[in-house]
Amino acid sequence: NAGVMQNPRHLVRRRGQEARLRCSPMKGHSHVYWYRQLPEEGLKFMVYLQKENIIDESGMPKERFSAEFPKEGPSILRIQQVVRGDSAAYFCASSPPNSRDYEQYFGPGTRLTVT
Amino acid sequence: AQSVTQPDIHITVSEGASLELRCNYSYGATPYLFWYVQSPGQGLQLLLKYFSGDTLVQGIKGFEAEFKRSQSSFNLRKPSVHWSDAAEYFCAPSIGGNKLTFGTGTQLKVEL
């Protein structure tokens, strides 16, 4: 059973470009979470999605950031018009439906560098 | 306001020595409590978790943690550290289990 997959692993964008980060959850998992890790900081929750639904987006910046988890395909975190402050590691995690142990399985992350 | 504190940013121990990493939280109700480990350039791996019941929980890789309600703490311990334990460790409380709030982490260095 493959783990959580994220691609690309490294992404370089110039200021003003768009960044698209993909996350394929583990097989059978229908819950996806995105976290951001800024340099020298811990991970911060961004958004929690289930298939075709955003459940909690309380950690998402109000502008330029969006997330989706379509019925088919990976979850996408989209950052429009990137700025240098968006440079960070973005981690995706997944969990199965109706999980009682609440374990989130993390992917290896996408490291975004904005030049 | 809900918060989690890991007071030690860096800890260095000798291989074979015991280890204790501190975690304190401030929540209105007792949250679910998790410890994760992150190796350089990698994602996070769950070490152990506490929901209720026995306050001493066992995890993977020989780690354990003790929940102390009176101190709002959930400290991680290991009796004998191995060089491969060098990594960053995060305490992460959660209300309801779906949204983890990570501490700033403790970077562990192991001296041979």
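Residues numbered from 1 in each chain as written. Chains lettered and ligands numbered in written order. Predicted model: local features only at pLDDT ≥ 70, side-chain atom pairs only at ≥ 80, totals over all residues. Heavy atoms only, no water.

Draft legend 1. Region of the structure containing the interface of chain A and chain B. Tallying the contact residues gives 20 residues for chain A and 20 residues for chain B. Of the roughly 1600 Å² buried where chain A meets chain B, counting both sides, 54% is carbon and sulfur surface. The largest share of the area that chain A buries against chain B comes from Leu43, Tyr102 and Phe106 of chain A, three residues that together contribute 34% of it. Linking chain A with chain B are 0 salt bridges, by the criterion used here. Counting across the chain A and chain B interface gives 4 residue pairs in polar contact (both at pLDDT 80 or more). When contributions to the side of chain A that touches chain B are tallied by element, the ones reaching two or more residues are β4 (31–37) and β5 (43–50) of chain A. Within the side of chain A that touches chain B, the residues separate by chemical class into 9 nonpolar, 5 polar and 6 charged. (Contact = heavy atoms within 4.5 Å. Buried area = accessible area lost by both parts, 1.4 Å probe. Salt bridge = Lys/Arg side-chain N within 4 Å of Asp/Glu carboxyl O. Polar contact = N/O pair within 3.5 Å; in protein donor to acceptor, adjacent residues only side chain to side chain. Helix = DSSP H or I, 4+ residues; strand = E, 2+ residues; numbered from the N terminus. Nonpolar A, V, L, I, M, F, W, Y, C, P; charged D, E, K, R; others polar.)

Draft legend 2. Geometry of the nonpolar core. Ranked by size, the top nonpolar core spans 26 residues in total, and within it Leu19, Trp35, Leu47, Leu48, Phe74, Leu76 and Tyr89 of chain B carry the most contacts. Counting only elements with at least two residues in this core, the list comes to β2 (10–14), β3 (19–21), β5 (32–38), β6 (44–50), β8 (64–68), β9 (73–78), β10 (87–94) and β11 (106–111) of chain B. Other than its neighbours up to four places away in sequence, Phe74 of chain B contacts Cys23, Leu33, Phe34, Trp35, Leu48, Lys49, Tyr50, Val57, Ala65, Glu66 and Phe67 of chain B. If you look at the next biggest cluster of nonpolar residues, it comprises 23 residues, including Leu11, Val32, Leu77 and Val114 of chain A. (Core = buried A, V, L, I, M, F, W, Y, C linked by side-chain atoms within 4.5 Å. Buried < 20%, exposed > 50% of the residue type's maximum accessible area, 1.4 Å probe, protein only.)

Draft legend 3. Expanded view of the sheet that holds β2 of chain B. Residue and element names in this part refer to chain B. Pairing is mixed in the open sheet, where 5 strands are placed in the order β2-β11-β10-β5-β6. The open sheet terminates on both sides in strands that have one partner only, identified here as β2 and β6. Looking at each pair of strands side by side, their axes are set apart by 25° on average, direction ignored. Pairing of β2 with β11 involves 5 bridges; the strand directions are parallel. Residue pairing across strands places Ile11 opposite Leu108, the latter belonging to β11. (Pairing = 2+ DSSP bridges. Axes fitted to C-alpha atoms, helices over the stretch in contact; angles between N-to-C directions.)

Draft legend 4. Region of interest: the sheet that holds strand β1 (residues 5–7) of chain A. Residue and element names in this part refer to chain A. One open sheet accounts for 4 strands, arranged β1-β3-β8-β7; its pairing is antiparallel. Two strands lie at the open edges of the sheet, namely β1 and β7 (65–68), each paired on one side alone. In this sheet, neighbouring strand axes are inclined to one another by 15° on average, regardless of whether the strands run parallel or antiparallel. With 4 bridges joining them, β7 and strand β8 (residues 75–79) adopt antiparallel strand pairing. Bridge pairing in β8 places Glu68 opposite Ile76.

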